Amino acid sequence: MQVLVTGGAGYIGSHTVLSLLENNVDVIVYDNLVNSSIESIDRVEKLTGKKVEFVEGDICDKEKLSRVFKQFSIDAVIHFAALKAVGESAEIPLSYYQNNVHGTVCLLEVMQQHKVHNFIFSSSATVYGEENNVPYVETMKLGTPSSPYGASKVMVERILADLALSDSKFRAVSLRYFNPIGAHESGAIGEDPKGIPNNLLPYVAQVAVGKRDKLRIFGDDYPTKDGSCERDYLHVMDLAQGHVAALDWLNRHPDFSGVEAFNLGTGNGVSVFAIVKAFEQAINKKIPFEVSPRRVGDLPAFWANASKANKELNWQANRSLEQMMTDTWRWQSKNPNGFLI
Ligand code: NAD
Ligand code: UFG
């Protein structure tokens, strides 16, 4: 089986490529490296002892994409390529819609031309918006996310649904990720944010390694147990295996057509203070922090109802919070400058 992985050099993509190779799937990565380094793919090849075909290209470049579909016999596409910084998306919304929405349409058009019907999409818990109560369940209506980034995910989910209505061969799975953290247990690949990290764990890890002086905790006055926001953090290797499970689900359901959404999370909400404490325990060192005002657009608490993925994908997030912390630290301490070598 050959799978095209767009955005496969990035954080979740590189871990998924590794899991796919371990499951004897051949992988072609298509990435423009706007937020990643080819070094991640080299390391995945070293870890697995297997070869990855790599094409540097933009998903908006339909001619280049088309050449890739001609060159390889692609059975399915896993589509990670997107811009993902929530705050930045409010500053340059057009770039986000161009890249995440128009780029996905280009990819779907080229897939259609080449009669490739299997599609796995990187969606997000953000599609539930603020209207829905927690825990989020797939049967809920899509909500109104607070950022253009979130809106781009809702738009793509809508496009997939419309495409499925028009084309009875189209088979898509939307994986709604909650908060992926951690790194491969080798410490050879992990999350390598450019500039100041937006997300909690990369920031905490950079404080721990001495690159930043202290963490700012955005708000301690939310209506939660300890006043800080709660999220459903899951290990990136569990998330990677969720993609292998989704591919397997498509293979096990040859008569399926349409779009099926699955939440990928642990089902537990963990607060920011609890994350800081867990990280301190894992590395046996204090993380300096101060409480700052709330960050615009943050919801107080959300986590997944992951029963559908547990039951239908035979998938579960198995790795503990402690392992998420230890693996984050192994990656960060072995690679203080990320993939820059
Ligand atoms: P990432 O930035 O590490 O990976 C995205 C990859 O896509 C990068 O390698 C980047 O170079 C590439 N890319 C971006 N635009 C491209 C384009 N136009 N053409 C080709 N390649 C392009 O991000 P990630 O955390 O690995 O996220 C992967 C996917 O998962 C994204 O779609 C993101 O929106 C989604 N997601 C991420 C999270 C999270 O917390 N990390 C949560 C929910 C959903
Ligand atoms: N936080 C801090 N300080 C920081 C960074 C984050 O206190 O320096 C807090 C945030 O306020 C939030 C929590 O840590 O309460 C988690 O924040 P992240 O930015 O790590 O994650 P989010 O839940 O805000 O967003 C993530 C992804 C989005 C995705 C969303 C839902 O970044 O792409 O999960 O899946 F949409």
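By convention here, each chain's residues receive numbers from 1 onward along its written sequence. Chains carry letters from A onward and ligands carry numbers from 1 onward, assigned in written order. Where totals are concerned, whole chains, interfaces and linings use all residues; where local detail is concerned, this predicted model gives features only for residues with pLDDT of at least 70, and gives and counts side-chain atom pairs only at 80 or more. Computation of side-chain values: all heavy atoms of the structure, hydrogens and water removed.

Quick look at helix H6 (residues 148-166) now. Comment: elements are numbered from the N terminus, with helices defined as DSSP H or I runs of at least four residues and strands as E runs of at least two. Helix span, as expected, comes to 1.5 Å for every residue beyond the first. Its 19 residues give H6 an end-to-end C-alpha distance of 27 Å, which sits within 8% of 27 Å, the value for a rise of 1.5 Å per residue. Here's how the labels work: a residue is buried when its accessible area is under 20% of the maximum for its type, exposed when over 50%, partly exposed in between, all with a 1.4 Å probe on protein chains only. All of the buried residues in H6 are Pro-148, Tyr-149, Gly-150, Ala-151, Ser-152, Lys-153, Val-154, Val-156, Glu-157, Leu-160, Leu-163 and Ala-164. In what follows, residue pairs with any heavy atoms lying within 4.5 Å of each other are defined as contacts. Its buried side turned inward, H6 meets helix H4 (86-91), helix H5 (93-113), strand E5 (118-124), strand E6 (171-177) and strand E11 (258-264).

With that settled, the discussion passes to the side chain of Glu-138. Inspection of the secondary structure puts Glu-138 in the loop between E5 and H6. Charged residues are defined here as Lys and Arg on the positive side and Asp and Glu on the negative side; His and the ends of the chain fall outside this count. Salt bridges are defined by distance alone: a side-chain nitrogen of Lys or Arg within 4 Å of a carboxyl oxygen of Asp or Glu. Here Glu-138 sits buried without a salt bridge, and the closest side chain of opposite charge, Lys-308, lies 5.4 Å off (N-O distance). Under this definition, polar contacts are N or O atom pairs within 3.5 Å; protein pairs additionally need one hydrogen-donor-capable and one acceptor-capable atom, and for neighbouring residues in sequence, both atoms have to be side-chain atoms. Engagement of the side chain of Glu-138 in a polar contact is seen with the backbone nitrogen of Asn-263, the distance being 2.7 Å. In this view, Glu-138 contacts Tyr-128, Arg-176, Ala-261, Phe-262, Asn-263, Asn-305 and Lys-308; residues no more than four positions away in its chain are not counted.

On to the site of ligand 1. Throughout, near means a residue has at least one heavy atom within 4 Å of the molecule or strand. Close to ligand 1 lie 27 residues, the nearest being Asp-31, Asn-35, Ser-36, Phe-80 and Tyr-149. Measuring from a nitrogen atom of ligand 1, one finds a backbone N or O atom of Ile-59 at 3.0 Å. One of the side-chain nitrogen or oxygen atoms of Lys-84 is found 2.9 Å away from an oxygen atom of ligand 1. Accessible areas in this description were obtained via Shrake-Rupley with a 1.4 Å probe; residue shielding takes into account the shown protein chains only. Relative to its free-state accessible area of 820 Å², ligand 1 is covered by the protein chains to the extent of 95%. Elements represented by at least two residues in the shell around ligand 1 include exactly helix H1 (11-22), E5 and H6. The element that contributes the greatest number of residues to the shell around ligand 1 is E5, accounting for three residues. For the shell around ligand 1, the class distribution of residues is 13 nonpolar, 10 polar and four charged. For this classification, Asp, Glu, Lys and Arg are treated as charged, while Ala, Val, Leu, Ile, Met, Phe, Trp, Tyr, Cys and Pro are nonpolar and the rest, including Gly, are polar.

On to helix H3 (residues 62-71). For H3, the full list of buried residues reads Leu-65, Ser-66, Val-68 and Phe-69. Taken down its axis, H3 places every buried residue within 155 degrees of arc, on the same side. The exposed set on the far side of H3, more than 90 degrees from its buried face, consists of Glu-63, Lys-70 and Gln-71. Looking at the packing, one finds that the buried side of H3 touches strand E1 (2-6), strand E2 (26-31), strand E3 (53-56), strand E4 (76-79) and H5. The arc refers to the directions leading from the helix axis to the C-beta atoms.

Next up on the list: the packing of helix H7 (residues 200-208) against helix H11 (residues 321-334). H11 packs onto H7 with a crossing angle of 55 degrees between their chain directions and a minimal axis gap of 10 Å. Our classification of the angle between H7 and H11 gives oblique. Between H7 and H11 lies a crossing whose hand is right-handed. Across the interface between the two elements, Leu-201, Pro-202, Ala-205, Gln-206 and Ala-208 from H7 touch Met-325, Thr-328, Trp-329 and Gln-332 from H11. Looking at side-chain class alone, the contact of H7 with H11 contains six nonpolar, three polar and no charged residues. Every axis in this analysis is a line fitted to C-alpha atoms, fitted for helices over the stretch in contact. Angles between the N-to-C directions lie between 0 and 180 degrees. Orientation categories follow fixed angle ranges, with anything under 35 degrees roughly parallel, anything over 145 roughly antiparallel, 65 to 115 roughly perpendicular, and all other angles oblique. Less than a right angle of anticlockwise turn of the near helix away from the far helix marks a crossing as left-handed, whereas a clockwise turn marks it as right-handed.

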